[in-house]
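Results of the structural survey
Residue-level listing of the chains:
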Amino acid sequence: SRPAMQGRTRDTIDVLTAENGIVSFERKFQHDHVLIILNFNKHTVSYTPPLRHRLKQIFDSSSSQWGGIGKIELRASQQEALTLNPESALIFESQ
């Protein structure tokens with residue numbers, strides 16, 4: 001398991017967004033940071049991560065590997081909006 005997922009105190013999680021069917025939060029612990037985005041909508045939505053870190057996608061529940069409709073790739077600039085597949089979870093690591 002990643003160190004960021006090991007933190008057990010309130011200061012190891014920051015909720016970034018909780019509106020319009022999207023929940024995003026950052027987990028951080030021992031210099032490890034992950035961004036988790038959950039899309040509870042039944043349709044595709046656009047979302048811009050509010051972080052300034054460079055991000056690398058490490059999990060997408062909508063990937064065909066997990067029986068989903070197809071993985072969404074992070075664009076070159078993390079300041080651009082991401083397209084989130086319906087009812088999906090994505091995890092990114094900070095670089």
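Structure: above.
Residues numbered from 1 in each chain as written. Predicted model: local features only at pLDDT ≥ 70, side-chain atom pairs only at ≥ 80, totals over all residues. Heavy atoms only, no water.

Structural notes on the overall build of the protein
Defined as follows: Runs of H or I in DSSP of at least four residues are treated as helices and runs of E of at least two as strands, each being numbered from the N terminus. In this treatment the radius of gyration is a C-alpha quantity, and the globule benchmark scales as 2.2 Å times the residue count to the 0.38 power. Partly exposed residues are those whose accessible area sits between 20% and 50% of the maximum for their type, while under 20% is buried and over 50% is exposed, using a 1.4 Å probe and protein chains only. Contacts are assigned to residue pairs that have any heavy atoms within 4.5 Å of one another.
Check the secondary structure of the protein and you find zero helices and seven strands. Counting from the amino terminus, the protein carries its helices and strands in the arrangement β-β-β-β-β-β-β. At 13 Å, the protein has a C-alpha radius of gyration in line with the 12 Å of a compact globule built from 95 residues. Taken along its principal axes, the extent of the C-alpha atoms in the protein is 35 × 25 × 25 Å. In the protein, buried positions account for 37% of the 95 residues. A fraction of 53% describes how many contacts in the protein between residues 6 or more apart in sequence connect residues 24 or more apart.

What about the pattern of salt bridges?
One side chain can pair with another of opposite charge once the charged atoms of both are near each other. The cut-off we apply is this: The rule for a salt bridge is simple: a side-chain nitrogen of Lys or Arg has to be within 4 Å of a carboxyl oxygen of Asp or Glu.
Using the criterion set out here, one finds four salt bridges in the structure. Ionic pairing is found between Lys 28 and Asp 14, a salt bridge with its closest N-O pair at 2.4 Å. One end of the pair, Lys 28, is in strand S2 (residues 22-29); the other, Asp 14, is in strand S1 (residues 13-19), and 14 residues separate them in sequence. By relative accessible area, Asp 14 is classed as partly exposed at 28%. A network of salt bridges, in which partner residues are shared, links Arg 2, Asp 32 and Glu 93.

Focus: the nonpolar core
Put simply, the test is: Residue types Ala, Val, Leu, Ile, Met, Phe, Trp, Tyr and Cys, when buried and joined through side-chain atoms within 4.5 Å, form a set referred to as a nonpolar core.
In terms of nonpolar packing, the biggest core is built from eleven residues, these being Ile 22, Leu 35, Ile 37, Val 45, Tyr 47, Leu 51, Leu 55, Leu 82, Leu 84, Leu 90 and Phe 92. Within the residue set of this core, elements represented by two or more residues are strand S3 (32-39), strand S4 (45-47), strand S6 (82-84) and strand S7 (88-94). Excluding residues within four positions of it along the chain, Tyr 47 makes contact with Thr 17, Ile 22, Ser 24, Ile 37, Glu 80, Ala 81, Leu 82 and Leu 84.

A word on the sheet that holds S2
Basically, it comes down to this: Pairing between strands is defined by DSSP: at least two bridges between the two strands are required. Under this scheme, a helix contributes an axis fitted over its contacting stretch, all axes are lines through C-alpha atoms, and angles between N-to-C directions fall in the 0 to 180 degree range.
Strand order across the open sheet formed by five strands is S1-S2-S3-S7-S5, with antiparallel pairing between neighbours. Two strands in the sheet have a free side with no partner beyond their single neighbour: S1 and strand S5 (55-60). Sheet twist, expressed as the mean angle between neighbouring strand axes with direction ignored, is 20°.

Comments concerning the pairing of S1
When S1 meets S2, the two strands line up antiparallel, connected through six bridges. Along S2, the bridge assignment pairs Ile 13 with Arg 27. Linkage of S1 to S2, two consecutive antiparallel strands, is achieved through a turn of two residues, within which Asn 20 is found at a positive phi near 55°.

Overview of unusual backbone geometry
Despite not being glycine, Asn 20 shows a phi value in the positive range, around 55°. With respect to the helices and strands, the residue Asn 20 is situated in the loop between S1 and S2. Phi is positive for Glu 87, which is not a glycine, with a value near 45°.

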